[in-house]
Amino acid sequence: MPSDLLADLSHNALLEVSGDDAAAFLHAQFTNDVQALEPEASQWNGWCSAKGRLLATFLLARHGEEYFILLPAEIAAPIAKRLAMFVLRAKVKIADAGAQYARFGIAGPGAAARIEARFGSLPAPLRVAGKDGAFAIALDAERYVALVPAASADAFRASFPGEWRGAEDQWEWLSVQAGVPTIVAATQDAFVPQMANFELVGGVSFKKGCYPGQEIVARTQYRGILKRRMALAHVGGSDRPQPGQSVYSSAFPGQAAGTIVNAAPAPGGGFDALVVAQVESLARGDLRWNASDGPQLEIRSHPPLANAS
């Protein structure tokens, strides 16, 4: 991967939620505290089924009085349609803003200087800076998402040197390294947020009121035993693990011990992956991908397993 990266994020859709009741509506649906989200700020957020399983994870940004949701294009339309079913008489509008804004990921040691030069200020992590109709969202000190009016997209892209130009996979690898799970169609309704370590990246508030699945999420946090956790793993070879594929362990013969969440090509070869697996199998470190005798998954990191109960 180049030291600095400009990635086209058009594989992500952008939804805009507006209206007098937008904050209250989103707060009642999502896992995080939307009503506490200040203007020009962002947060990781999720939407659960009634069973407390994630239907989507996404970046939610508040720019002015509008809320923007950046999520995989493959699930965006059904998510928007399902969300609209709950609007009822609330003053809320959910619109596809993908044609209005081009989406870019900027990352690396030089990213902050580029963002500051373009937007006139450097947003702190999970804050937003805007200028001339465009705005940038800081994920951390070296990763930013820029939403640029479509008419300015070519000029924005051209302002970066050619050696910055990267691919979706390189941005995906950075997300994998950051431990931020991206739910796609193959993994919808598969994980309680804590299984995917979503509370560890600030994607869940345990102080807010009800939302779909909230009782199950809270019970898992305070009274349940969390039997699965997400880990960062590496697998060699040229075949890429796919979201939703199973992983296996000798601790659970004859059945799957976990699931691939996301995977991306690693700079040194092979693939790095986020995998949700049985805590016992993570402790053993003997996970195999796609079959009980499949390629070995090398566990690189995971939360303290003693805290999984």
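Higher on the page you've got the structure.
Residues numbered from 1 in each chain as written. Predicted model: local features only at pLDDT ≥ 70, side-chain atom pairs only at ≥ 80, totals over all residues. Heavy atoms only, no water.

(A) Spatial organisation of the sheet that holds strand 12 (residues 246-248). Taken together, the six strands give an open sheet; going across it, the order is 15-12-13-14-11-16, and neighbouring strands pair in antiparallel fashion. In this open sheet, the two edge strands, each paired with only one partner strand, are strand 15 (288-289) and strand 16 (298-301). Relative to strand 16, strand 11 (residues 228-235) runs antiparallel, the two sharing three bridges. If you follow Leu232 over to strand 16, its bridge partner there is Ser301. Against the sheet, helix 5 (residues 168-178) makes contact with strand 11, strand 13 (258-265) and strand 14 (271-278), and its axis sits at roughly 130 degrees relative to strand 13, the strand it touches most. (Pairing = 2+ DSSP bridges. Helix = DSSP H or I, 4+ residues; strand = E, 2+ residues; numbered from the N terminus. Contact = heavy atoms within 4.5 Å. Axes fitted to C-alpha atoms, helices over the stretch in contact; angles between N-to-C directions.)

(B) Structural detail: the side chain of Asn12. Structurally, Asn12 can be placed in strand 2 (residues 12-18). In this structure Asn12 comes out as buried when scored by relative accessible area, which is 13%. Not counting chain neighbours up to four residues away, the residues in contact with Asn12 comprise Leu70, Leu71, Pro72, Ala73 and Arg103. (Buried < 20%, exposed > 50% of the residue type's maximum accessible area, 1.4 Å probe, protein only.)

(C) Seen up close, the packing of aromatic side chains. Considering all chains together, one arrives at ten aromatic pairs under this definition. Where Trp47 meets Phe86, the ring centres are 6.1 Å apart and the plane angle is 85 degrees; that geometry is what we call edge-to-face. On the criterion of sequence distance, the pair formed by Trp47 in strand 3 (residues 41-48) and Phe86 in the loop between helix 2 (73-84) and strand 6 (93-96) is long-range, its members being 39 residues apart. Judged by its relative accessible area of 1%, Trp47 is buried. Counting every residue linked through ring pairs, the aromatic cluster contains Phe30, Trp47, Phe58 and Phe86. The residue whose ring lies beneath Arg82 is Trp47, and the NZ or CZ to ring-centre distance is 5.6 Å. (Phe/Tyr/Trp six-rings, centres within 6.5 Å; stacked < 30°, edge-to-face > 60°. Lys NZ or Arg CZ within 6 Å of the ring centre and 35° of its normal.)

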